[in-house]
Each structure stands twice: as structure tokens, then as C-alpha cells.
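A look at the structure
For reference, the chains in residue letters:
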Amino acid sequence: MKKNLSTVIIVAVCALALGPLCTGFFGPAWRARWLLAWAANEYQDGHIAEAEKTLRRAGELSNELAMDPEFWKLKFEIVFNKEKPTAEAISGLFEESVSQISAVPKIQQANVATYVAEMLRLSHEKDRAVDILQRFYPPILKREASENNTIAYFRSLTKKGLETALLEIDAALVADGKSREEFLDTKAWVLHGLGRDELALPFAEEAIKKLHSQNELPSKVRPADRIAFQDLLFSDGVASEEVAVVPNRLDELKKRFSYVNPLEIDGLAKKIAALRFHRACILDELGRTGESDLDYAWLDRFGFTETDKLN
């Protein structure tokens, strides 16, 4: 009897010691992540309806899952995997997003909202993206500079609330000391949306100049190659009639600097493309098409012909 009692005591002590650890490994959060992985497998296998159900169960098990970008990525892919999702499906996704962001810790809500808003923007749901940000961002004077920039830029894409966007981007620029080219670009794009192109152009110019002068190149570019890399990346395009007979300069960069991660090159080129496209639009409105042609030629030379994808 004593032997059996000793065994029970040992098991009880182990349970007390290991219980919290096991809960961490096999509790709701762990099971939710397991279901997320399972849902991803179902989705990859083409079982969309099953993946949606599994993902919903995962979200219900743990609020922590809403802080995982992979959760949102799959959630959006399930809805937008069709050519044209129904209005009901999009509305349902939005309401679920609001509910799940509301359930995460207050301190994390703005970060999660930023990610979800970006997913909405990429899905051409710009108005809903702004709505999400308005719901979960703090008031303008309590936001991070990057938050004010994000919501101001998203407003500029909807062409609504632009006077508010102007206040937001000005707050971002003051807080940041006008050091980030993306903030300057947002200011230019908001002013452009307001039809104040004369005021917008200096900000667009400064954004491009700042990006160039800051030597923002991929980390692996060798010191001896930096000037050559910059020359290829930042120099103007060629006359439109020559574009068909010259190689794509983005491909040139990747081939010539093959030791650099091509994704980094793509990301930097797209950033420059967005700034140059914005400047070209502003120049067009000012009737300075000879100058905007240089930006359009650069876009053509780098393969950014679908300019609607740059916003």
C-alpha cells in the first residue's frame, strides 16, 4: 500500500511541475497552430471548404492566432482564391477580421490592423482597409509616425478624407523629421489627390532624391559594385521607340549582380517605381509631359508597365 501511495505522490508532484508546461505545449494555442497548419495543407490540396472550416476552428480556439501573419494570409487566400468573390464573402471576411482583431490584446491591435489593412488593399478593398485602420488606430496625436503615414496613404488611394490625410501625414513628417522618403511620397500623393500639384511636386522630387542619396541598396551589394549598381538602378529610361530592342534593366541587375538576393532587388526597384510613377502623374497634371516621359521610360525599361499595381 505504501509503495502504491508513493507512486501516486510522485505522479501528482510531476503533474504539478509539468502541468503548466504541458498546457503551453498542448493547450488551446498549440492546438490552434496545429489546426492552422492542417488548414494550410487542406488548402494546398484543393479542399477549400474544409480548409475554411478548419481555419475557423483554429481562430475560435485561440486569440493569439490573430497575431500570426500566416493566419491572415490563408484567411484572405481562401476568400480571394476565386476570380470574383461574392460581396457576402468579402463582407463576412471583414466582420470576422474586426471581431478577431478586437479580441487580441489592446497593445497589439494597431499592428494587426495594419497587416489586415494591407491585405485588404492588395485585394482591392481600399475603403475597408481605411475602415479597419480607423477602428483600431489610436487618435492622430497618439499614433506612431508610421501609423499616420499608413492611414494617410490609404486615404489617398480611396480619394476620400484627404484633408484628414493631410493632417495625418503632416503629423508623421513632424515626428519623423522628414527623413523617410515614403512619408514625403505620401504627402505628395495626398496633395495630388487634392489637386494641389504645384505643392505636391517638391515632395515627390525630394522623396526620389532622398532614396537615391541614402544609398539604400541590398545589403549584399559589394562596396566595389555599389556605384555601378546605383547607376543601373537610378538612371533615367530610354526613348520609348528603343524599349522594344533593349533588355529589361531589372533582369540586367539580377544577372550582373547574381550574388544578391533577387527578391531584395525586386523590392527596391518596386519602391523606386512607385515614387517615379507618382511623380509622373503629378508632372502630367502640371502639363510637364516631357519630364514625366522620363519616368514612364524608366518604368517601361524596368518592366513596370502595369502601373495600377504600384499603388
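Residues numbered from 1 in each chain as written. Predicted model: local features only at pLDDT ≥ 70, side-chain atom pairs only at ≥ 80, totals over all residues. Heavy atoms only, no water.

1. Concerning the overall build of the protein chain
The helix and strand inventory of the protein chain stands at 15 helices and zero strands. Within the protein chain, the fraction of its 311 residues that count as buried is 42%. A fraction of 61% describes how many contacts in the protein chain between residues 6 or more apart in sequence connect residues 24 or more apart. With the model as given, the accessible surface of the protein chain reaches about 17300 Å², and the carbon-plus-sulfur share is 56%. (Helix = DSSP H or I, 4+ residues; strand = E, 2+ residues; numbered from the N terminus. Buried < 20%, exposed > 50% of the residue type's maximum accessible area, 1.4 Å probe, protein only. Contact = heavy atoms within 4.5 Å. Areas by Shrake-Rupley, 256 points an atom, 1.4 Å probe, with all protein chains shown as cover.)

2. Some points on the packing of helix α8 (residues 145-158) against helix α10 (residues 181-193)
Two numbers describe a pair of packed helices, the interaxial angle and the distance between the axes. For the pair α8 and α10, the least separation of the axes is 9 Å and the interaxial angle reads 30°. In this structure, the crossing between α8 and α10 has a hand that is left-handed. Residues A145, S146, N149, A152, Y153, S156 and L157 of α8 pack against E182, F183, D185, T186, W189 and V190 of α10. A class-by-class count of the residues in the contact of α8 with α10 yields seven nonpolar, four polar and two charged. (Axes fitted to C-alpha atoms, helices over the stretch in contact; angles between N-to-C directions. Left-handed = near helix turned anticlockwise from the far one by under 90°. Nonpolar A, V, L, I, M, F, W, Y, C, P; charged D, E, K, R; others polar.)

3. Considerations on unusual backbone geometry
One non-glycine residue, H124, adopts positive backbone phi at about 65°. Within the secondary structure, H124 is located in the loop between α6 (106-122) and α7 (126-136). Note on H124: relative accessible area 65%, which makes it exposed. A positive phi angle is found at K159, which is not glycine, with a value near 60°.

4. Here's the deal with a nonpolar patch on the surface
Nonpolar side chains collect at one region of the surface, where W30, W34 and W38 lie side by side and expose about 360 Å² of accessible area between them. Along the chain, W34 falls in helix α2 (residues 28-44). (Patch = residues over 30% accessible without salt bridge, like charges linked within 9 Å, V, L, I, M, F, W, Y side chains within 5 Å. Salt bridge = Lys/Arg side-chain N within 4 Å of Asp/Glu carboxyl O.)

5. Thoughts on the packing of aromatic side chains
A full pass over the atoms with the stated rule returns seven aromatic pairs. When the centroid spacing of 5.6 Å and the interplanar angle of 10° are considered together, the rings of W34 and W38 count as stacked. In this pair, W34 and W38 are both assigned in helix α2, four residues apart and thus about one turn of the helix distant. Residue W34 is classed as partly exposed on the basis of its relative accessible area, which comes to 46%. (Phe/Tyr/Trp six-rings, centres within 6.5 Å; stacked < 30°, edge-to-face > 60°.)

6. What about the layout of surface pockets?
Counted as a void, the largest pocket has a volume near 700 Å³. In terms of residue count, the dominant contributor to the lining of the largest pocket is helix α14 (residues 262-285) (five residues). Counted by class, the lining of the largest pocket contains six nonpolar, seven polar and ten charged residues. For the second largest pocket, the calculated volume is near 260 Å³. E52, R56, I78, V79 and A89 are, among the 15 residues lining the second largest pocket, the residues nearest its centre. Residues of the lining of the second largest pocket, tallied by class, amount to seven nonpolar, three polar and five charged. (1 Å grid on protein atoms, 1.4 Å probe; cavity = no way out; pocket = protein on both sides within 12 Å on 5 of 7 lines; lining within 4 Å. Points joined across faces, edges and corners; volume = space filled by probe spheres on them.)

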